[in-house]
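Tertiary structure, described
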Amino acid sequence: MSANTADSSVRSVSSHPRADSLWAATAPAAAPTPALAESTDTDVLVVGAGYTGLSTALHLAGTGASVCVLDAHEPGWGASGRNGGQVNPTLKYDPDELIRMFGPERGEALIEAVSSTGDLVFDLISRHGIDCAPVRAGWLQAGYTDEAVAGMHARARQWERRGVHVEMLDRASLARRMGSSTFAGGWLDGRAGGIQPLAYARGLARAALGKGVRVHGGTPVTGLVRQDGRWVATTAQGLQVRAGQVVLGTNGYTDGLWPGLARTVLSANSFIVATRPLGAAGAGILDKGETGSTSQRLLLYFRKDAQGRLLMGGRGHFSDPRGAQDFTHLERSLALMFPQLGKLEYEYRWAGRIAITRDFMPHVHQPAPGITMALGYNGRGIAMATGLGKHVAALVAGKGAQSCPFPITPVQPIPMHGMQRLYIAAGVAWYSLLDRLGK
C-alpha cells in the first residue's frame, strides 16, 4: 500500500508554522529532537509526537521494545501544544448513556478507563518530574438556565455513584467559585485540572527520550508500505524506517498517509485568547485554579494560567486566523462573563485543530496487521489521548482487542468529507441558533 496525497485542507493546515501562543512563549525549552539522519530499523514506529504518540512510546519503552517516533514538526507542535490546557476525564456521553450504548460489561470498562485518564496524566507528571504548572482543583461546568443546571446535576450524580468527588452548585455557590454571576449554577468534577499543555508534551518527549525512545522532529512520513512482513515508512528526506508495528497518532493534523483516515474526522479550529496577567484585579476569579466551560453546544472554556492571565477559548471559523479581528467573539464573551475586570488587554491570540468524529467518540483502528491508529478526541485531547496512548501500547505489545476498553472499529470515512467546511459552518449556525433559543 502506498501513500495517497493528503486532502488539500489538511495540507494547508499542517504546513503552517507553530502558532505564536502563550504556551510556546512560556514552556521550558524542548529537548533536542533532530531530524532522522539515516535509515533505520525499529520494533515500533510511531508517527506523530503529540500526546497520543508520546504516551504510546513512553508506555512501550517499559516493555523492552525499541521505539522510534517521527513528527513532521516537533513534539507538541499541533493541538497538543495549542489547546486550553484543561485535563477533563470525560466524554460527550454520560455514564448511563455509555451503558446503553455498549452494555453493562463493556460500558463499565469504558467508563472506568475514561475516568482514570486524569489520574494517568497527573501520575505521569509526578513520576517524570514534568515542569508544566499542574493544578488539580477540578473543572466547573456552568449553565445559563435552571433546565441546563438540572441536567448537569443529574450528570454529576451519575459520576458520584461511581465514587467521583463532585459538587452540585447553585447560582450563588458557582458565582463564589467562578467570580461571575452570569450563570444559574453548575457542578464541579474533582478529577479534572489544568496544565501548561506544550510543557506537558515536551515533558513526555523528554521522559520518552530518557527511556531510550528515539524521537525525531522535522521528519514527515510520506509513504507507508508492507514488505516481507514488516512496514516500511519513507520520509520526505528519502530515508526509510522498517518496523514490525506502526502507530499513527496525528489527530486533527492527520493527512493522507493512510487512505481514508483523514476523512474519518472533521478538523475544526478552536481559538483562544489570553489577557495580560491580571494581578490583584483577578482576585475572586477561579482562585483555586479551577478550569471551566459552559454547557452550550458551542461551548466556551476558560481558566487562569500560572501567571494569572485569564484565558478564553471557543469555536473559530474553519480557516486559520488572519488577525486579531478573528478573536473578537471570544473577547466579547469574556467581557460579558467578567464585567468587573473592565477593559482588558490581550497578550496572546492563537488557534489549533481539534478532530471531531461523527459519533463523538475517540476512534481506535487496526485496519491491517501490525498497524494501529488512535484519533478523534473531540476537544478532550489531554486526558483522552494520554489514556489512549497507554491502551494502544498494550495492543502493540500483544494484548488482545478485548483488553482494550475503547472499541476497535473499521476506518469509515465521513460521506462527502470534501464538504467539511460546509459541515462545520452549518453545524455552527445550527448550534448557535439552538443555544440562542435555549434548547
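Here goes a summary of the coordinates provided. Note that the coordinates shown come from a computational prediction; the quantities given were computed from them, not determined experimentally. (Residues numbered from 1 in each chain as written. Predicted model: local features only at pLDDT ≥ 70, side-chain atom pairs only at ≥ 80, totals over all residues. Heavy atoms only, no water.)

Regarding the overall build of the protein chain
Within the protein chain one finds twelve helices and 18 strands. A separation threshold of at least 6 residues defines the contact pool for the protein chain, and within that pool the share at least 24 residues apart is 76%. Counting only carbon and sulfur atoms, one obtains 52% of the accessible surface of the protein chain, whose full area is about 17700 Å². (Helix = DSSP H or I, 4+ residues; strand = E, 2+ residues; numbered from the N terminus. Contact = heavy atoms within 4.5 Å. Areas by Shrake-Rupley, 256 points an atom, 1.4 Å probe, with all protein chains shown as cover.)

A look at the sheet that holds strand β16 (residues 346-356)
An order of β5-β6-β4-β13-β14-β15-β12-β16 is seen for the eight strands of this open sheet, with the pairing classed as mixed. Looking at which strands have only one partner, the edges of the open sheet turn out to be β5 (166-170) and β16. Averaged over all pairs of adjacent strands, the angle between strand axes in this sheet comes to 20°, irrespective of strand direction. The pairing of strand β13 (residues 291-294) with strand β14 (residues 301-304) spans two bridges and is classified as antiparallel. Residue Ser 293 lies in a different strand from β14, and its bridge partner there is Tyr 301. The strands that helix α8 (residues 171-178) touches are β4 (139-143), β5, β6 (185-189) and β14; relative to β5, the one it contacts most, it runs at about 110°. (Pairing = 2+ DSSP bridges. Axes fitted to C-alpha atoms, helices over the stretch in contact; angles between N-to-C directions.)

Brief notes about the layout of surface pockets
Within this model, the second largest pocket holds a volume of roughly 280 Å³. Considering the residues around the second largest pocket, the lining is formed by 18 residues, among which Ala 133, Arg 303, Asp 305, Ala 306 and Gln 307 are closest to the centre. Of all the elements in the fold, those that place two or more residues in the lining of the second largest pocket are α2 (22-26) and β14. (1 Å grid on protein atoms, 1.4 Å probe; cavity = no way out; pocket = protein on both sides within 12 Å on 5 of 7 lines; lining within 4 Å. Points joined across faces, edges and corners; volume = space filled by probe spheres on them.)

Digging into the side chain of Ser 293
With respect to the helices and strands, Ser 293 occurs in strand β13. Ser 293 gets classed as buried once you look at its relative accessible area, which sits at 5%. Among the polar contacts made by the side chain of Ser 293, one reaches the side chain of Trp 139 at a distance of 3.0 Å. If we ignore the near neighbours within four places in the chain, the residues touching Ser 293 are Trp 139, Leu 140, Gln 141, Ala 142, Leu 299, Leu 300, Tyr 301 and Phe 302. (Buried < 20%, exposed > 50% of the residue type's maximum accessible area, 1.4 Å probe, protein only. Polar contact = N/O pair within 3.5 Å; in protein donor to acceptor, adjacent residues only side chain to side chain.)

Side note on the packing of helix α4 (residues 95-102) against helix α5 (residues 104-115)
At a closest axis distance of 7 Å, the pairing of α4 and α5 adopts a crossing angle of 140°. The pairing of α4 with α5 is recorded here as oblique in orientation. As for how α4 packs across α5, the hand of that crossing is right-handed. Within the contact between the two elements, α4 uses Pro 95, Leu 98, Ile 99 and Phe 102 and α5 uses Pro 104, Arg 106, Gly 107, Glu 108, Leu 110 and Ile 111. Taken together, the residues of the contact of α4 with α5 sort by class into seven nonpolar, one polar and two charged. (Parallel < 35°, antiparallel > 145°, perpendicular 65-115°, else oblique. Left-handed = near helix turned anticlockwise from the far one by under 90°. Nonpolar A, V, L, I, M, F, W, Y, C, P; charged D, E, K, R; others polar.)

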